[in-house]
Amino acid sequence: DTDPQPGRKKKKMPANAPASAPPMWTKFVISGLAGVSGWMFVHPFDVLKVRMQVNKSKVGAAGTLMNIYTKEGVGGLYSGLSAAVTRQLTYTTLRLGLYDVIRDKLTEGRSDIPFYLKLCTGLTAGATAATICCPVEVSLVRMQADGNRPIADRRNYKHIFDAMHRVTAEEGITTLWRGVVPTVFRGAVVSTTQLATYDQAKSMLKSLNILRDGIGLHLASSLISGFVYCFTSLPLDICKTRMQDQKPDPKTGILPYTSVFQALYKIPQQEGILALWKGFGPYFARGGGHTVGMFIFAEQYKTIVKNMYASK
């Protein structure tokens, strides 16, 4: 064959040229898409979990589910969906994206990082994301819990932006950060246990030759991660939910819960220690289910993006 332009030198790529690495922004896009994809299957469990947490009676998951269905129909199980999706597109995007960015930076020049560094990375990513996204969290809790109130006492927010606008107008902008301390504590605990545990479980299962890289490994690692994170974070989640949904006493004007530490003491004192793990079933179905879905979708999206840039 003859070169159509004889004077021009052909550029040859070396056989061992490294594939083009996906840019940093793709980590955040993957995180948001994975969060939303995994969430669509578990939202009803989150609604069930919130209703059980704000209800101080000893009604179980089945009774709460029947109560929602009887009063609100199937649609009641998707209360606050717009806020939940917004939460995934903000909070999950930030915490997963930041975790991947920080972890990859720490891993430069070595095959892996110690478990304690993964824990610190998860804590930093979770606390940062939780602080920024607290207004979305407040709106989500209120929208999901609204059906549990008497009709005359309901807030009836139309959607998440209506919720944030009305909270600001009626109660002041600082109310959007009500319960920010337990929200940040929970966010730090969730990200520390969920993200670091998933990474560590995946590394250990591979290094011990128990599972090879693939769906099986991702499923097993995410189940371990989901259980650990649900058990450790539920007490803080209950305190966060109670604080964000509370209203002042009509006679005294005093809020029932003033801090996360007071809530952690008051709830078991009034309702028993197990009240801090109330609704663990739906919480694990929601948290564990979302953990499995989120990580499996994230791994698939990472593979797709990696292949896209490798072919360039």
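Keep in mind it's a predicted model, so treat the numbers as computed, not measured.

Enquirer: Now, about the overall build of the protein: what can you tell me, with residues and values included?
Expert: A tally of regular secondary structure across the protein gives 11 helices and 0 strands. Each helix (α) and strand (β) of the protein, taken in turn from the N terminus, gives the series α-α-α-α-α-α-α-α-α-α-α. Counting across all 312 residues of the protein, residues that qualify as buried make up 47%. Contacts in the protein between residues at least 24 apart in sequence constitute 78% of all its contacts with a sequence separation of at least 6. Taken as a whole, the protein presents about 15,900 Å² of accessible surface, with 66% of it coming from carbon and sulfur. For the protein, the distance from the average site of its 38 positive side-chain charges to the average site of its 21 negative ones is 2 Å.

Enquirer: Tell me about the nonpolar core, and please be specific about residues and values.
Expert: Core analysis: the biggest nonpolar cluster contains 15 residues, and Tyr229, Cys239, Tyr257, Ala263, Ile267 and Tyr283 have the highest contact counts within it. Counting residues per element, the ones that place at least two in this core are helix H9 (215–245) and helix H10 (260–271). Residue contributions to this core peak at 7 residues, all from H9. In this structure Ala263 touches Cys239, Tyr257 and Pro268, once residues within four positions along its chain are discounted.

Enquirer: Tell me about unusual backbone geometry, and name the residues and values.
Expert: For Asn156, which is not a glycine, the phi torsion comes out positive at approximately 55 degrees. Inspection of the secondary structure puts Asn156 in the loop between helix H6 (134–145) and helix H7 (160–171). Unusually for a residue other than glycine, Asn209 sits at a positive phi of about 55 degrees. Mapped onto the secondary structure, Asn209 falls in the loop between helix H8 (180–207) and H9. Judged by its relative accessible area of 68%, Asn209 falls in the exposed class.

Enquirer: Would you mind going over the layout of surface pockets in detail, with residue names and values included?
Expert: The computed volume of the largest pocket comes to approximately 970 Å³. Lining the largest pocket are 33 residues, and of these Arg103, Asp104, Lys202, Glu299 and Lys302 lie nearest its centre. Secondary-structure elements contributing two or more residues to the lining of the largest pocket are helix H1 (25–39), helix H4 (81–107), H8 and helix H11 (280–310). The element contributing the most residues to the lining of the largest pocket is H11, with 8 residues.

Enquirer: Can you explain the packing of aromatic side chains? Please cite residues and give values.
Expert: Taken as a whole and judged by the stated rule, the model has 9 aromatic pairs. Judged by centre distance (6.5 Å) and plane angle (15 degrees), the ring pair of Phe227 and Phe231 falls under stacked. Taken together, the positions of Phe227 and Phe231, both in helix H9 and 4 residues apart, correspond to about one turn of that helix. Classification of Phe227 as partly exposed rests on a relative accessible area of 44%. Ring centres of Phe280 and Phe284 lie 6.1 Å apart, and the angle between their planes is 10 degrees; this geometry places the pair in the stacked category. Of this pair, Phe280 and Phe284 both sit in helix H11, 4 residues apart, roughly one helical turn. For Phe280, a relative accessible area of 24% puts it in the partly exposed group. Residue class for Phe284 comes out partly exposed when judged on its relative accessible area of 28%. Joined through ring pairs, the aromatic side chains of Phe227, Phe231, Trp277, Phe280 and Phe284 make up one cluster. Directly above the ring of Tyr257 sits Lys266, whose terminal nitrogen or CZ lies 5.4 Å from the centroid.

About the cut-offs
- Residues numbered from 1 in each chain as written.
- Predicted model: local features only at pLDDT ≥ 70, side-chain atom pairs only at ≥ 80, totals over all residues.
- Heavy atoms only, no water.
- Helix = DSSP H or I, 4+ residues; strand = E, 2+ residues; numbered from the N terminus.
- Buried < 20%, exposed > 50% of the residue type's maximum accessible area, 1.4 Å probe, protein only.
- Contact = heavy atoms within 4.5 Å.
- Areas by Shrake-Rupley, 256 points an atom, 1.4 Å probe, with all protein chains shown as cover.
- Lys, Arg positive; Asp, Glu negative; His and termini not counted.
- Charge placed at Lys NZ, Arg CZ, Asp CG, Glu CD.
- Core = buried A, V, L, I, M, F, W, Y, C linked by side-chain atoms within 4.5 Å.
- 1 Å grid on protein atoms, 1.4 Å probe; cavity = no way out; pocket = protein on both sides within 12 Å on 5 of 7 lines; lining within 4 Å.
- Points joined across faces, edges and corners; volume = space filled by probe spheres on them.
- Phe/Tyr/Trp six-rings, centres within 6.5 Å; stacked < 30°, edge-to-face > 60°.
- Lys NZ or Arg CZ within 6 Å of the ring centre and 35° of its normal.

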